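# Fold and contact review
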Amino acid sequence: MQITKDKVVSIDYTLTDPQGRVLDSSEGRQPLSYLQGTGSIIPGLERELEGRSAGERLQVTIEPADAYGERDERLVQAIPREAFGGIDNIQVGMQFQAQSPTGQRAIVRVVDVADDEITVDANHPLAGVALTFDVTVRDVRDATAEELAHGHVHGPDGHAHG
Ligand code: ZN
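The text that follows walks through the structure, step by step, so that each part is easy to find. (Residues numbered from 1 in each chain as written. Predicted model: local features only at pLDDT ≥ 70, side-chain atom pairs only at ≥ 80, totals over all residues. Heavy atoms only, no water.)

Residue Asp-6 is not a glycine yet carries a positive backbone phi of 75°. One can find Asp-6 in the segment before strand E1 (7-16). Even without being a glycine, Asn-89 presents a positive backbone phi close to 60°. For Asn-89, the location among the structural elements is in the loop between strand E5 (76-80) and strand E6 (95-99). (Helix = DSSP H or I, 4+ residues; strand = E, 2+ residues; numbered from the N terminus.)

Next comes the structure, spelled out in structure tokens:
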């Protein structure tokens, strides 16, 4: 069975950055299961997997535009320390949930700490990074009607409902 829209796909994968560092891997875990054509994995990888079958292995490098996007330097902002009222000992690398004026929530990372200002970066940590995936397709099956209605995978390796 080939990977096409609305198939449930299970993959083993290892994700590395351009320096060859492993960023994520399914090794030692269940394969990742997702519903093809729903945007639940990055667009570039979904496109590369289209038409593949169980047992196929591929190594692909996905450019940032088809992964987590390019970096946007406007998302790096200095914020008065008072805005972090009540939080002591703010350090580079800490993460906070922030809300934009339009109500969108984002995770921001502290990238610089000065006496009166904290600089945060709201870019996705992998924005601007070309991602290399080493993928083995483990299984391809039809989605159930319920999975299609929900837009995600059910079952032992998928989404569990409480
Ligand atoms: Zn569901």
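To continue, consider the sheet that holds E5. Read across the sheet, 4 strands follow the order E5-E8-E7-E6 without closing on themselves; strand pairing throughout is antiparallel. The sheet terminates laterally at E5 and E6, the two strands that pair on one side only. Within this sheet the neighbouring strands show an average axis-to-axis angle of 45°, counted without direction. Pairing geometry for strand E7 (residues 105-113) and strand E8 (residues 117-121), over 4 bridges, is antiparallel. Looking across to E8, one finds that Val-110 is bridged to Val-120. (Pairing = 2+ DSSP bridges. Axes fitted to C-alpha atoms, helices over the stretch in contact; angles between N-to-C directions.)

For the rest of this paragraph, the subject is the packing of aromatic side chains. Tallying each qualifying case throughout the model produces 1 aromatic pair. Aromatic pair Phe-84 and Phe-96: ring centres 5.2 Å apart, planes at 65°, arrangement edge-to-face. Of the two residues, Phe-84 sits in the loop between E5 and E6 while Phe-96 sits in strand E6, which places them 12 residues apart along the sequence. Of the residues examined, Phe-96 reaches a relative accessible area of 17% and is grouped as buried. (Phe/Tyr/Trp six-rings, centres within 6.5 Å; stacked < 30°, edge-to-face > 60°. Buried < 20%, exposed > 50% of the residue type's maximum accessible area, 1.4 Å probe, protein only.)

Time to look at the pattern of salt bridges. Within this structure, the stated rule accounts for 13 salt bridges. Between Lys-5 and Asp-6 there is a salt bridge, with the nearest N and O atoms lying 3.5 Å from each other. You can call Lys-5 exposed: its relative accessible area is 52%. Given a relative accessible area of 29%, Asp-6 falls into the partly exposed group. The partner of Glu-147 in a salt bridge is Arg-141, and the shortest N-O contact between them spans 3.0 Å. Take Glu-147: its relative accessible area is 2%, and that puts it in the buried class. Overall, Arg-141 belongs to the partly exposed group, its relative accessible area being 28%. Salt bridges sharing common partners tie together Arg-71, Glu-73, Arg-109 and Asp-121. (Salt bridge = Lys/Arg side-chain N within 4 Å of Asp/Glu carboxyl O.)

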